[in-house]
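If you want the building blocks of each chain, they are given just below.
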Amino acid sequence: MTGPVVAGFDGSPESVAATAWAAREAQRRDCPLRLLQARPRPKRNAADDERERGHAVERLGSRETELRALVEVPVSSALVPDGPAAALEDASRDAALLVLGSRGLGAVRGFLVGSVSHEVLRRAGCPVVLVRPGEDEPEGPVLVGLDLVHPMEEVLAFAFDAAVRYSAPLRVVHVWSPPVGSEYMAFEAIGGLETELSSVERTRFTELLEPWRARYPELDVTTDLIRGSAAVALVDAAGAARLLVVGRRVRRTLLGAHLGPVAHAAIHHARCPVALVRHA
C-alpha cells in the first residue's frame, strides 16, 4: 500500500520514541512522514482549552522541526479535532504504516498498551507498529511467526520487505504442538508420533517458503520449527530481534472484537518494536 508513515504524537516519551522510529522508517521507505495529534473539541472552559491547544500546537510543531532535521523526506503534522482512536483509525485508511508508542512497565509485568492503542489495533486499515520508549533501535534479525494452517501472505510480504529495507536477516518461526490427547499415549508412541508430525510440519514449512526465497534470493532467511506455545516462543525469540512481525486476525465475539493470543502476547511482552499486519 502506498501512502505516508503516520505516527501518533501527544508529547509523551512513548510518542517521542514512536515518532523517532517512524521517521527512520519513512526514510527507509522514501515516503512522507505525518505526525498526528488528536484533540477532541472542548467540553469545558473555552479560554483554558484554547491555551492548552496552543501548547499542543507548539509541542507538535517543535517535534516536526526536530524530525525534519533528521530525515530527507517530507514531514508534516496535524492537530485533529477528534478522539485519538477515531483520528488514528481514519488516518490509517490512507497510510502505508501507523506507528504508536507503548509504555514500558518492566520485564516482569510487560508493557502497558492503552485503550486507544487496543482500539486502533483492532480497527486500523494498515499495518500498525508499537514502539517502546527509552531504548535504541535494536540490532538483529527481523522475526516473523508463520502459521502453516493460515499462511498469511500479507504478513510474510511485510516481513520480507522489512528485512530487505533493514539489510537484516529474516528469521521465520513456526511453533507447533502435538495433537490433543497425545499426552495419554505411551512414551514410545509419543516419540514416534512427534517425529512423524515434525517431519510433516517441516515439509510444509519448506514448501510455503520456497516461492518467497525465490522472490528474495539475496535475503538471508533462517527457519525454526519449535514445539510449544506460539505466544511464549515468539516473545522469547523476539529478545534477539530488531522487529517482530505477527498477524493481526481480529476475532469478533459477543463482547466485541479482540486480538488473538499471539498478537496479544507480542504487544504486551516483546521488547522490540512489534508490527501487527492484518490478514484474511
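Keep in mind the model is a prediction, meaning the values are calculated, not measured.

Novice: What's the story with the nonpolar core in this structure? I'm lost.
Specialist: If you look at soluble globular proteins, the nonpolar side chains tend to sit buried side by side. Grouped together as the largest cluster of nonpolar side chains are 52 residues, with contacts concentrated most on Leu33, Val99, Phe160, Leu170, Leu243 and Val245. Discounting chain neighbours no more than four positions away, the residues touching Phe160 are Leu170, Leu209, Trp212, Tyr216, Leu219 and Val221. In terms of nonpolar packing, the next biggest core, distinct from the first, is built from 33 residues, Leu36, Ala124, Leu259 and Ile267 among them.

Novice: Got a minute to help me understand the packing of aromatic side chains in this structure?
Specialist: Between two aromatic rings, the relevant description is the distance of the centres plus the angle of the planes. With the rule as written, the count across this model stands at two aromatic pairs. Taken together, a centroid distance of 5.1 Å and an interplanar angle of 35° make the contact between Phe160 and Tyr216 tilted. Taken together, the residues Phe160 in helix H5 (residues 153-166) and Tyr216 in the loop between helix H6 (187-215) and strand E10 (221-227) connect sequence positions 56 residues apart. One exposure class covers both Phe160 and Tyr216, and it is buried. Through pairs of rings, three or more aromatic residues link up here, namely Phe160, Trp212 and Tyr216. The ring of Trp21 carries Arg28 above its face, with NZ or CZ at 5.9 Å from the centroid. Above the face of the Trp212 ring, Arg215 is positioned so that its terminal group lies 4.3 Å from the ring centre.

Novice: In this structure, what is going on with the sheet that holds E10? I would like to understand it.
Specialist: Sheets are built from strands that pair by backbone hydrogen bonding, the pairs being arranged parallel or antiparallel. Pairing within the open sheet is mixed, and its ten strands lie in the order E3-E2-E1-E4-E7-E14-E11-E8-E9-E10. The sheet is open, and its two edges are formed by strand E3 (75-80) and E10, each paired on a single side. Neighbour-to-neighbour, the strand axes of this sheet turn through a mean angle of 25°, independent of strand direction. Taken together, the four bridges between strand E8 (residues 142-145) and strand E9 (residues 170-176) define a ladder with parallel strand orientation.

Novice: Explain the packing of helix H7 (residues 230-237) against helix H8 (residues 261-269) here, please?
Specialist: Between H7 and H8, the shortest axis-to-axis distance is 9 Å and the interhelical angle comes to 35°. Crossing of H7 against H8: the hand is right-handed. Facing H7, whose interface residues are Ala230, Ala231, Leu234 and Val235, H8 presents Pro261, Val262, Ala265, Ala266 and His269. Across the contact of H7 with H8, the residue classes tally to eight nonpolar, one polar and no charged.

Novice: I tried to follow the side chain of His174 on my own but got confused; where do I start?
Specialist: Looking at where His174 falls in the secondary structure, it is placed in strand E9. Beyond its immediate chain neighbours, meaning those up to four positions away, His174 contacts Leu146, Asp147, Leu148, Glu201, Phe205, Asp224, Leu225 and Ile226.

Novice: Explanation requested: the packing of helix H1 (residues 13-29) against H5 in the structure shown.
Specialist: Packed helix pairs are characterised by how far apart their axes lie and by the angle those axes make with each other. Packing of H1 against H5 leaves a shortest axis separation of 10 Å and a crossing angle of 85°. With respect to each other, H1 and H5 are oriented roughly perpendicular. From H1, Trp21, Glu25, Arg28 and Arg29 reach across to H5, where they touch Phe158, Arg165 and Tyr166. Split into classes, the residues belonging to the contact of H1 with H5 amount to three nonpolar, no polar and four charged.

Rules of the game
Residues numbered from 1 in each chain as written. Predicted model: local features only at pLDDT ≥ 70, side-chain atom pairs only at ≥ 80, totals over all residues. Heavy atoms only, no water. Core = buried A, V, L, I, M, F, W, Y, C linked by side-chain atoms within 4.5 Å. Buried < 20%, exposed > 50% of the residue type's maximum accessible area, 1.4 Å probe, protein only. Contact = heavy atoms within 4.5 Å. Phe/Tyr/Trp six-rings, centres within 6.5 Å; stacked < 30°, edge-to-face > 60°. Helix = DSSP H or I, 4+ residues; strand = E, 2+ residues; numbered from the N terminus. Lys NZ or Arg CZ within 6 Å of the ring centre and 35° of its normal. Pairing = 2+ DSSP bridges. Axes fitted to C-alpha atoms, helices over the stretch in contact; angles between N-to-C directions. Left-handed = near helix turned anticlockwise from the far one by under 90°. Nonpolar A, V, L, I, M, F, W, Y, C, P; charged D, E, K, R; others polar. Parallel < 35°, antiparallel > 145°, perpendicular 65-115°, else oblique.

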